[in-house]
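In case you want the letters, here they are:
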Amino acid sequence: MAANTEPNVGQRLRSLREQQGLSLRALSERSGLSVTAISQIEHGENSPTVASLHRLSNALHISITDLFQEEARQTTIFVKRELGLHSQNNGVWMESLGIGLFNQQLEPFRMVIQPNVDSTPDPISHPGEEFVHCLEGEIQYTTGARTFTLEKGDSLLFDATQAHAYHNQTDQQAVLLIVFLSSQDRQLIQQLHLHTPRDLPGNSNYVIDF
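In this report, the structure presented in the accompanying data block is examined. Since we're looking at a predicted model, the values are computed, not measured.

1. A look at the environment of leucine 33
Here leucine 33 is to be found in the loop between α2 (24-31) and α3 (35-42). The exposure class assigned to leucine 33 is buried, which follows from its relative accessible area of 5%. Residues leucine 33 and leucine 56, spaced 23 residues apart in sequence, show a C-alpha to C-alpha distance of 8.2 Å.

This is the structure we're talking about:
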């Protein structure tokens, strides 16, 4: 039976920062996160969001999975219900259901879309593949020139280089299981689905609970 591993991201972050000879202020300037926020993460006083982890890994020029790796490479990740890293913006909530495997390729998320919320004014596209499974409610997903209505139990798998968008046109929230497969910019993919502006280190809409 595989053992559950809960890596100490804060200690790992501090170790990697010190290995590169960076002060808290230097890492703050690189990542766009405050010195206080980084210090709280390092001391285990606050759990980082997905967006924060991406900013920190980019600032340290490492893979995000490096923040989860101790002496041994992670081969099993266990996430307790409703305790995954999360981000939200404009009526859309995304909760990571698993991150930290060595050379991880898949990224699963639970997405909650509030009533009468659309993904973006314009369709989006990105490298890789995308899988969507409707857990609750109803959602319209457009891929290319086709639009699909997903109800509870329905699934959609598509090449994400196609222009795509989602629309909750009902008066109830929709809950989705969404899985991205991409070896490229995963932070960009998540930002696109939350329609959050990229390359704005001070953008607070994407970060919660700091």
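2. Focus: helix α1 (residues 9-19)
Where α1 is concerned, the buried positions are Val9, Gly10, Arg12, Leu13, Leu16 and Arg17. One side of α1 holds all its buried residues, which, seen down the axis, span an arc of 165°. Turned more than 90 degrees from where α1 packs its buried face, Gln11 and Gln19 sit exposed. Contacts made by the buried residues of α1 are with α2, α3 and α4 (50-60). The N-terminus of α1 is capped by asparagine 8, whose side-chain oxygen sits 3.2 Å from the backbone nitrogen of glycine 10.

3. A closer look at the packing of α2 against α3
The N-to-C vectors of α2 and α3 enclose an angle of 115°; their axes lie 9 Å apart at closest approach. One element, α2, and the other, α3, form an angle in the roughly perpendicular class. Of the two elements, α2 crosses α3, and the hand of that crossing is right-handed. Contacts from Leu24, Arg25, Leu27, Ser28 and Ser31 in α2 reach Val35, Ile38, Ser39 and Glu42 in α3.

What counts as what
Residues numbered from 1 in each chain as written. Predicted model: local features only at pLDDT ≥ 70, side-chain atom pairs only at ≥ 80, totals over all residues. Heavy atoms only, no water. Helix = DSSP H or I, 4+ residues; strand = E, 2+ residues; numbered from the N terminus. Buried < 20%, exposed > 50% of the residue type's maximum accessible area, 1.4 Å probe, protein only. Arc of directions from axis to C-beta. Contact = heavy atoms within 4.5 Å. Polar contact = N/O pair within 3.5 Å; in protein donor to acceptor, adjacent residues only side chain to side chain. Axes fitted to C-alpha atoms, helices over the stretch in contact; angles between N-to-C directions. Parallel < 35°, antiparallel > 145°, perpendicular 65-115°, else oblique. Left-handed = near helix turned anticlockwise from the far one by under 90°.

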